[in-house]
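# Inside the fold
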Amino acid sequence: MHPMLNIAIRAARKAGNYIAKNYEDPQNVTVTQKGANDFVTNVDRDAEQIIVDIIRKSYPDHTIITEESGELLGKDEDIQWVIDPLDGTTNFTKRFPHFSVSIAVRIKGRTEVAAVYDPMRNELFTAVRGQGAQMNGYRLRMAEKRDLEGAVVATGFPFKHKQHAPIYMNIMGKMFDQCADFRRTGSAALDLCYVAAGRVDAYFEIGLKPWDFLGGELIMREAGGIMTDFVGGHNYLASGNLVAGSPRVVRDILAAMKDELSEALKR
């Protein structure tokens, strides 16, 4: 096993077990608001610290980028650990049992290692670049969905970017003429892992942050999928606007989006 994956798994499991324990004991959870429709809990912060401590013990010089603490610079800026300690905080606060810990390791700007852990189902999704993706040790390989017809598409409503809501609804309307159904689960990292596992056929969302999707992206790519921005390019890391799935389904989703996109969503 890749040594960094070993540490990522250890960190994800320990943080996930801490989150699950607090899920069972909600009086210990304190919720505060970071921004419009954007919440954080003491459990997010504690889980993040658990992960940082485990990484620092093995790799004290690496840089760590976290959702809650920002960038923790190390002597080695070429290696970055990108962490979302609790992807699906709203689900967690509502006691909706669907959320995850996401950890990605980027080396010189390329994601090389990923671990996404769902503590409620004890499902661990992992990938190392060029070595495939796994769930609980079993190889993941996406089925080649031929087109959007009959597909189940995961998404997330743009609740932090409501100015895009009319366009988003138009896109969904066009896609719904072709696809079978939609899923909105509340954890981008798990949505991408579910694409990898064939539980959904594609995924798209507006305005994500790198820690939301980098772990899931590598797992989905190593299972045979692709990811683009809304115009088929590679600017999704900067824009956070992304479409993921098998190549033909992504092509159909981009075609459905094409005439609806504002200039802001084409960037």
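Just above, that's the structure.
It should be emphasised that the depicted structure is a prediction, and the values quoted were computed from it without experimental measurement.

A word on the sheet that holds strand β7 (residues 110-118). Within the open sheet, the eight strands sit side by side as β4-β3-β5-β6-β7-β8-β9-β10. Their pairing is mixed. Two strands bound the open sheet, and with one partner strand each, they are β4 (70-72) and β10 (138-140). Taken over all neighbouring pairs, the strand axes of this sheet differ in orientation by 20° on average, direction set aside. In the sheet, strand β3 (residues 62-66) pairs with strand β5 (residues 76-87) via five bridges, with the strands oriented parallel. Looking at β5, one finds that Ile64 is bridged to Trp81. The strands that helix α2 (residues 42-58) touches are β3, β4, β5 and β6 (100-107); relative to β5, the one it contacts most, it runs at about 150°.

A separate point is the pairing of β3. Side-chain direction in a regular strand flips from residue to residue, so the side chains alternate between the two faces of the sheet. Counting buried residues along β3, five of its five residues qualify, which places the element largely inside the surrounding structure. The alternating pattern of β3 places His62, Ile64 and Thr66 on one face and Thr63 and Ile65 on the opposite face, and all of these are buried. Pairing of β3 with β4 involves three bridges; the strand directions are antiparallel. Bridging from a neighbouring strand, Thr66 pairs with Gly70 of β4. Hairpin connection from β3 to β4: three residues lie between these consecutive antiparallel strands.

Looking now at the side chain of Asp229. Structurally, Asp229 is set in the loop between β14 (226-228) and α7 (236-239). Salt bridges are absent for the buried Asp229, whose nearest opposite-charge side chain, Arg221, sits at 10 Å. Here Val231 takes part through its backbone nitrogen, which lies 3.1 Å from a polar atom of the side chain of Asp229. Only 2.6 Å separates the side chain of Asp229 from the backbone nitrogen of Gly233, close enough to count as a polar contact. The residues touching Asp229, leaving out its near neighbours within four places in the chain, are His234, Asn235, Tyr236, Asn241, Val243 and Leu254.

Right, let's talk about the nonpolar core for a bit. In this structure, Phe125, Leu140, Tyr203, Phe213, Ile219 and Met227 are the most contacted members of the largest nonpolar core, which totals 35 residues. Of all the secondary-structure elements, those providing two or more residues to this core are β7, β8 (123-128), β9 (133-135), β11 (152-156), α5 (188-197), α6 (210-222) and β15 (242-245). Judged by nonpolar contacts, the second largest core, of 33 residues, contains Ile51, Phe99, Val113 and Tyr117.

Parameters and conventions
- Residues numbered from 1 in each chain as written.
- Predicted model: local features only at pLDDT ≥ 70, side-chain atom pairs only at ≥ 80, totals over all residues.
- Heavy atoms only, no water.
- Pairing = 2+ DSSP bridges.
- Helix = DSSP H or I, 4+ residues; strand = E, 2+ residues; numbered from the N terminus.
- Axes fitted to C-alpha atoms, helices over the stretch in contact; angles between N-to-C directions.
- Contact = heavy atoms within 4.5 Å.
- Buried < 20%, exposed > 50% of the residue type's maximum accessible area, 1.4 Å probe, protein only.
- Lys, Arg positive; Asp, Glu negative; His and termini not counted.
- Salt bridge = Lys/Arg side-chain N within 4 Å of Asp/Glu carboxyl O.
- Polar contact = N/O pair within 3.5 Å; in protein donor to acceptor, adjacent residues only side chain to side chain.
- Core = buried A, V, L, I, M, F, W, Y, C linked by side-chain atoms within 4.5 Å.

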